[in-house]
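Chain and residue survey
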Amino acid sequence: MKNTYIIQRILYTLFIFALVVTLCFFIPRIGVEDPCARYYPAQGNMSDENYEMIKELTRQQYGLDGSNWSQYVRYVKNLLKGDLGTSYQAGSPKVWSLIAQRLPWTLVLSVSSMLISLFFGILIGAACAAKRGGMADRMLMNASTVTTAVPSFFIALLLSFFLGFQLEWLPAYTDQNMVSEFAWNLKSVEMVAYNAALPVLSTVVGGIVSYAQSTRNSVIAVANENFIVTAKAKGVSQNGVVYKHILRNALLPIVTGLGMGLSGLIGGSVVIEKIFNWQGIGMLYLEANNNNDYPLMMGIMIFMAAVALLGNLITDLCLGLLDPRVTVE
Amino acid sequence: MQNAIEVKNLKVVFPDRGRMIRAVEGVDLTVKKGECLALVGESGCGKSMTSLSCMKLQPSLAAVRLDQLCICGEDVTDYTDRQMQALRGSKISMIFQDALTALNPVMTIGKQMDEIYRCHEKISKKEAKMRSIKALKAVGIPDAELRYHAFPHELSGGMRQRVLIAMAFACEPEVIIADEPTTALDVTIQAQILELLSKMQKEKQTALLLITHDLSVVRSMADRIAVMYSGKIVEEAPAKELLENPLHPYTKGLMAAVARLDDDKKEFVQIPGHLPDPADKPAGCYFHPRCPYAATACKKAMPLLTQNEQGRKVRCYEAGKFKE
């Protein structure tokens, strides 16, 4: 892999990030006349002059004073120092600390869902490719039609209704003691797993099918390539052909899929979190949105975007390592 | 002289959209040691399927029947895939048509070369590398040490074809099957590659089964020619005799359709019609619907591949009876 490729990818990522920060800043302000309006105290018998002063003080307190542009410059300056500002929540907690508090819970869901999807997806996909047109293969085809058409939140609703409310096998609603009483012991971990079962299950269904589908397709496509016949004609053994020639080539689209999965790690499960009342980043964002909590909203959006971009960057770099044809254009 | 490869009564069928394609119907081929046999025919006549079947590398859907397959005097008719592995690359090897897709895009040329040596001989990585570089030099690749670390996409088409040739000759096999080795190349490069192939073949005394649809390629290289039409051999003869005096009307048609510098033809004679649908071949001689000399007998039964008084093999009732 050439260094120019790495540098080019990194610069490109930084550019997109700057763009995202700008959009995250301005979009919530579109159509809002005075974002601070809901935080002004009641005017009472105050004179208009005094009230204007109070309003200005309030704006300063919330960091909403000055023009949008000057606010933007201030925000970017703080961001460069790594400061995402303070939330409007009671007690003015730092945005960073709020995100850090919720992040592990979101990661519990998304990482476990991703690992499970990846593991079973590749396994099933490779098996289907080996017995192409067989029973399992045809089932996978049908399953992928269903899971593409049915969004994961719908599966989540079905699961929570049947397994949660009707059969009462698994909790349809997250037990909030899970978060407050968490300690690093077996009991706590068991509790987390028990509560996470349904949310993970509802995202895993689509994940497994999509990884299986892409694995199957790429393995079949690569196995039909001419260079596989060349390898066999050289006298390479069956295992040699599979591991040295097919797998590495078939891995390329899977890595791409994985990269896209990485970008959804943080922001991908807002609705799922809401359905199961899972106190993760998604729920935090919804709260911020309902409260017009600008710093928190922007902070979360920028954080999500940063993770997504980082995921893409890592994917690009991995592809560059795996496929020598990948270079800068 | 011992035969390098001998195929008896090869038949290949495979399904395609619910129909049975009879791609090869009872082909006999023999290539003697050091000889070059050209298998000539239009695209879709079953040449490539024949060549793949000779190495037992046919696609998994295809069913192959054959009475006998001998490679270097070894009867491999009933060999399993694992047994064939030992022969592929060492006793019999193959040069493919499209060198870009025939090389693994994510592996360096060198690694792909080393693989052959490492598969067939117990040698160290270092030794394999040395031999690979030597083999690359032998096919005229400049800066072989540098190219050893190159990926296929970093080489030109001609270079890639040279690499394939180096691979085919790597373990000095007795027989090489070259499936349209120059089709994907520019005409100027074609000549270079053919020259190289011919030189290597003469040097190593390798038997060559050259699959092609290009008669000009055949002219410069082949000792014997077999013409294939719709899954059957229709004529087989020493190259010179066949080119000077084609007996089968199809061969005649092929020759008439080739442009040559030294002839004074005003126009090309095209063979009318096209190759029959492989799932629905005509009754009688497969060529009769396109044949200007077709008689009633031709429509009824497929003629046999018979030997005439001069020892020429041809599959035609009217062979030699017609004049220009």
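What you see is a predicted model; the values in this text were computed from it and never measured.

A word on helix α5 (residues 135-149) of chain A
Residues and elements named next belong to chain A. Taking 1.5 Å of rise per residue, the 15 residues of α5 would be expected to cover 21 Å, and the 22 Å separating its terminal C-alpha atoms lies within 8% of that figure. By the burial criterion, the buried members of α5 are Asp137, Leu140, Ser144 and Thr147. Down the axis of α5, the smallest arc covering the buried residues is 90°, so these residues share one side. Turned more than 90 degrees from where α5 packs its buried face, Met135, Met139, Asn142, Thr145, Val146 and Ala149 sit exposed. Where α5 is buried, its residues meet α4 (95-130) and α8 (186-223).

Looking at the nonpolar core
In terms of nonpolar packing, the biggest core is built from 104 residues, with Ile5, Leu29, Met113, Val163, Leu197 and Ile225 of chain B touching the most fellow members. Here this core gets eight residues from one element, more than from any other, and that element is helix α7 (residues 157-169) of chain B. Residues Val21, Leu265, Leu296 and Ile300 of chain A belong to the second largest nonpolar core, which totals 29 residues.

Digging into the pattern of salt bridges
If you walk through the whole model with that rule in mind, you get 24 salt bridges over all chains. For Asp16 of chain B, the salt bridge identified is with Arg17 of chain B, shortest N-O distance 3.5 Å. Between Glu121 of chain B and Arg131 of chain B there is a salt bridge, and its shortest N-O distance comes to 2.3 Å. You can see Glu121 of chain B sitting in the loop between α4 (109-120) and α5 (125-138) and its partner Arg131 of chain B sitting in helix α5, a full 10 residues away along the chain. The network of salt bridges with common partners includes Lys234 and Lys244 of chain A together with Glu115 of chain B.

Examining the environment of Val229 of chain A
Residues and elements named next belong to chain A. Relative to the assigned elements, Val229 resides in helix α9 (residues 226-233). The exposure class assigned to Val229 is partly exposed, which follows from its relative accessible area of 24%. Here the alpha-carbon distance between Val229 and Val241, two residues 12 residues apart in the chain, equals 9.3 Å.

Examining the packing of helix α12 (residues 281-290) of chain A against helix α13 (residues 294-322) of chain A
Residues and elements named next belong to chain A. Where α12 meets α13, the closest approach of the two axes is 8 Å, and the angle between their N-to-C directions is 145°. Between α12 and α13 lies a crossing whose hand is left-handed. On α13, the residues touching Ile281, Leu284, Tyr285, Ala288 and Asn289 of α12 are Leu296, Met297, Ile300, Met301 and Met304. Here the residues of the contact of α12 with α13 are counted per class, giving nine nonpolar, one polar and no charged.

Considerations on the sheet that holds strand β8 (residues 175-179) of chain B
Residues and elements named next belong to chain B. The strand order across the open sheet built from eight strands is β7-β8-β9-β3-β10-β11-β13-β12, with neighbouring strands paired in mixed fashion. The sheet is open, and its two borders are formed by β7 (92-95) and β12 (306-307), each paired with just one other strand. Across five bridges, the pairing between β8 and strand β9 (residues 207-212) is parallel. What sits directly across from Val175, in β9, is Ala207. Most of the contacts of helix α11 (residues 249-256) go to strand β10 (residues 224-229), to which it runs at about 105°, and overall it touches β3 (36-40), β10 and β11 (232-238).

Conventions used here
- Residues numbered from 1 in each chain as written.
- Chains lettered and ligands numbered in written order.
- Predicted model: local features only at pLDDT ≥ 70, side-chain atom pairs only at ≥ 80, totals over all residues.
- Heavy atoms only, no water.
- Helix = DSSP H or I, 4+ residues; strand = E, 2+ residues; numbered from the N terminus.
- Expected span 1.5 Å × (residues − 1).
- Buried < 20%, exposed > 50% of the residue type's maximum accessible area, 1.4 Å probe, protein only.
- Arc of directions from axis to C-beta.
- Contact = heavy atoms within 4.5 Å.
- Core = buried A, V, L, I, M, F, W, Y, C linked by side-chain atoms within 4.5 Å.
- Salt bridge = Lys/Arg side-chain N within 4 Å of Asp/Glu carboxyl O.
- Axes fitted to C-alpha atoms, helices over the stretch in contact; angles between N-to-C directions.
- Left-handed = near helix turned anticlockwise from the far one by under 90°.
- Nonpolar A, V, L, I, M, F, W, Y, C, P; charged D, E, K, R; others polar.
- Pairing = 2+ DSSP bridges.

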